[in-house]
Amino acid sequence: FEGCVKVTLRRSKTVNFVIDKPEVFYSGNTYVVFGMAKIDDVSGAKEAELMKAFQAAKAGMDAAPKEEGEEEEVDAEGVEEKDIEILMSQVTCTRNEAITALKKNNNDIVKTIMELNN
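Numbering of residues starts from 1 in every chain and runs along the sequence as written. Per-residue local features are limited, in this predicted model, to residues with pLDDT of at least 70; the limit for side-chain atom pairs, both in listing and counting, is 80 or more; totals at the level of whole chains, interfaces and linings are taken over all residues. To get the side-chain values, take all heavy atoms of the structure and skip hydrogens and water.

Undergrad: Which parts of the structure should I look at to understand the overall build of the protein?
TA: Counting from the N terminus, the helices are the DSSP runs of H or I reaching at least four residues and the strands are the DSSP runs of E reaching at least two. Tallying secondary structure elements over the protein gives four helices and five strands in all. Going from N to C terminus, the protein has its helices and strands arranged as β-β-β-β-β-α-α-α-α. Relative accessibility thresholds used throughout: buried, under 20% of the residue-type maximum; exposed, over 50%; partly exposed, between the two (1.4 Å probe, protein chains only). Burial status across the protein gives 17% buried among its 118 residues. For the protein, long-range pairs separated by at least 24 residues make up 27% of all intrachain contacts whose partners lie at least 6 apart in sequence. Should any heavy atoms of two residues lie within 4.5 Å, those residues are counted as being in contact.

Undergrad: How should I be thinking about a nonpolar patch on the surface in this particular structure?
TA: To count toward a patch, a residue needs a relative accessible area over 30% and no salt bridge; like charges are then connected within 9 Å, while nonpolar side chains (Val, Leu, Ile, Met, Phe, Trp, Tyr) are connected within 5 Å. Where accessible areas are quoted, they stem from the Shrake-Rupley method and a 1.4 Å probe; at the residue level, only the protein chains shown are allowed to cover. Within this document, salt bridges are pairs made up of a side-chain nitrogen of Lys or Arg and a carboxyl oxygen of Asp or Glu, the two lying within 4 Å of each other. Residues Phe1, Tyr26, Tyr31 and Val33 make up a contiguous nonpolar surface patch of roughly 430 Å² in combined accessible area. Tracing the sequence through the fold places Tyr31 in strand 4 (residues 30–34).

Undergrad: What exactly am I supposed to notice about the packing of aromatic side chains here?
TA: Given two aromatic rings, their pairing is described by the distance between the two centres and the angle made by the two planes. For Phe, Tyr and Trp, where Trp contributes only its six-membered ring, two rings pair if their centres lie within 6.5 Å, and the inter-plane angle classes them as stacked under 30 degrees, edge-to-face over 60, or tilted in between. Under the criterion given, the structure shown has two aromatic pairs. An angle of 75° between the planes, with centres 6.0 Å apart, marks the rings of Phe25 and Phe34 as edge-to-face. Between Tyr26 and Tyr31 the ring centres are 4.6 Å apart and the planes differ by 50°, which places this aromatic pair in the tilted class.

Undergrad: I'm lost on the packing of helix 2 (residues 81–91) against helix 3 (residues 95–104) in this one. Help?
TA: Each packed pair of helices is defined by two parameters, the angle between the axes and the distance between the axes. Here helix 2 crosses helix 3 at 115°, and the two axes come no closer than 9 Å. The two elements helix 2 and helix 3 cross, and the hand of that crossing is right-handed. Contact with helix 2, carried on its side by Glu81, Asp83, Ile84, Leu87 and Met88, involves Arg95, Ala98, Ile99 and Leu102 of helix 3 and no other residues of that element. Looking at the contact of helix 2 with helix 3 residue by residue, the class counts come to six nonpolar, no polar and three charged. To get an axis, fit a line to the C-alpha atoms, keeping to the stretch in contact for a helix; angles then go from 0 to 180 degrees between the N-to-C directions. A clockwise turn of the near helix away from the far one marks a right-handed crossing, whereas an anticlockwise turn of less than a right angle marks a left-handed crossing. The nonpolar class holds Ala, Val, Leu, Ile, Met, Phe, Trp, Tyr, Cys and Pro. Asp, Glu, Lys and Arg form the charged class, and all remaining residues, Gly among them, are polar.

Undergrad: Got a minute to help me understand the packing of helix 2 against helix 4 (residues 109–117) in this structure?
TA: Where helix 2 meets helix 4, the axes come as close as 10 Å, and the angle between the chain directions of the two elements is 30°. When the axes of helix 2 and helix 4 are compared, the pair comes out roughly parallel. For the pair helix 2 and helix 4, the sense of crossing is right-handed. Along the contact surface, helix 2 presents Asp83, Ile86, Leu87, Gln90 and Val91, while helix 4 presents Ile109, Thr112, Ile113, Leu116 and Asn117. Tallied by class, the residues present in the contact of helix 2 with helix 4 amount to six nonpolar, three polar and one charged. For classification, angles of less than 35 degrees are called roughly parallel, those exceeding 145 degrees roughly antiparallel, those between 65 and 115 degrees roughly perpendicular, and all remaining angles oblique.

Undergrad: I'm lost on the environment of Asp108 in this one. Help?
TA: Note that Asp108 resides in the loop between helix 3 and helix 4. On the accessibility criterion, Asp108 (29% relative accessible area) is partly exposed. Taking C-alpha positions, Asp108 is 9.1 Å from Asp83, a pair spaced 25 residues apart along the chain. Pairs of N or O atoms within 3.5 Å make up the polar contacts considered here, provided that, within protein, one atom can donate a hydrogen while the other can accept it, and that residues adjacent in sequence are counted only when both atoms are side-chain atoms. One polar contact links the side chain of Asp108 to the main-chain amide nitrogen of Val110, over a distance of 3.1 Å.

Undergrad: Help me out: how do you make sense of the pattern of salt bridges in this one?
TA: The final tally for this structure, using the stated rule, is three salt bridges. When the shortest N-O distance is used, the salt bridge between Lys82 and Glu80 registers 3.9 Å. Assessed through its relative accessible area of 52%, Lys82 is described here as exposed. When the shortest N-O distance is used, the salt bridge between Glu115 and Lys104 registers 3.4 Å. Placement of Glu115 in helix 4 and of Lys104 in helix 3 is noted, with a sequence separation of eleven residues between them. For Lys104, a relative accessible area of 59% puts it in the exposed group.

What follows is the structure, encoded as structure tokens:
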């Protein structure tokens, strides 16, 4: 079928298989579909996740923006400078965020990177 953009196969009430840009052939009463199938969760989990992200972004926009230099310096005692620099380059965060996160994770840089990336 020319112009077929998407094929959806329903597996259950909550799971669909979706094939984007498929190759579809028809013979008699049989369809043959070629393409990469992806699982599409229709249980509402995606919608709930997107709604949470939207609300978090909105809450962040509602907060009064701080001007540069207005941020208070966090005490870096017990945190190595090289860990702070690595964290700031890997996660793209501020110095204060890096120090706070490192202290929270007992100076474990791997846990801290994982936390800040999520």
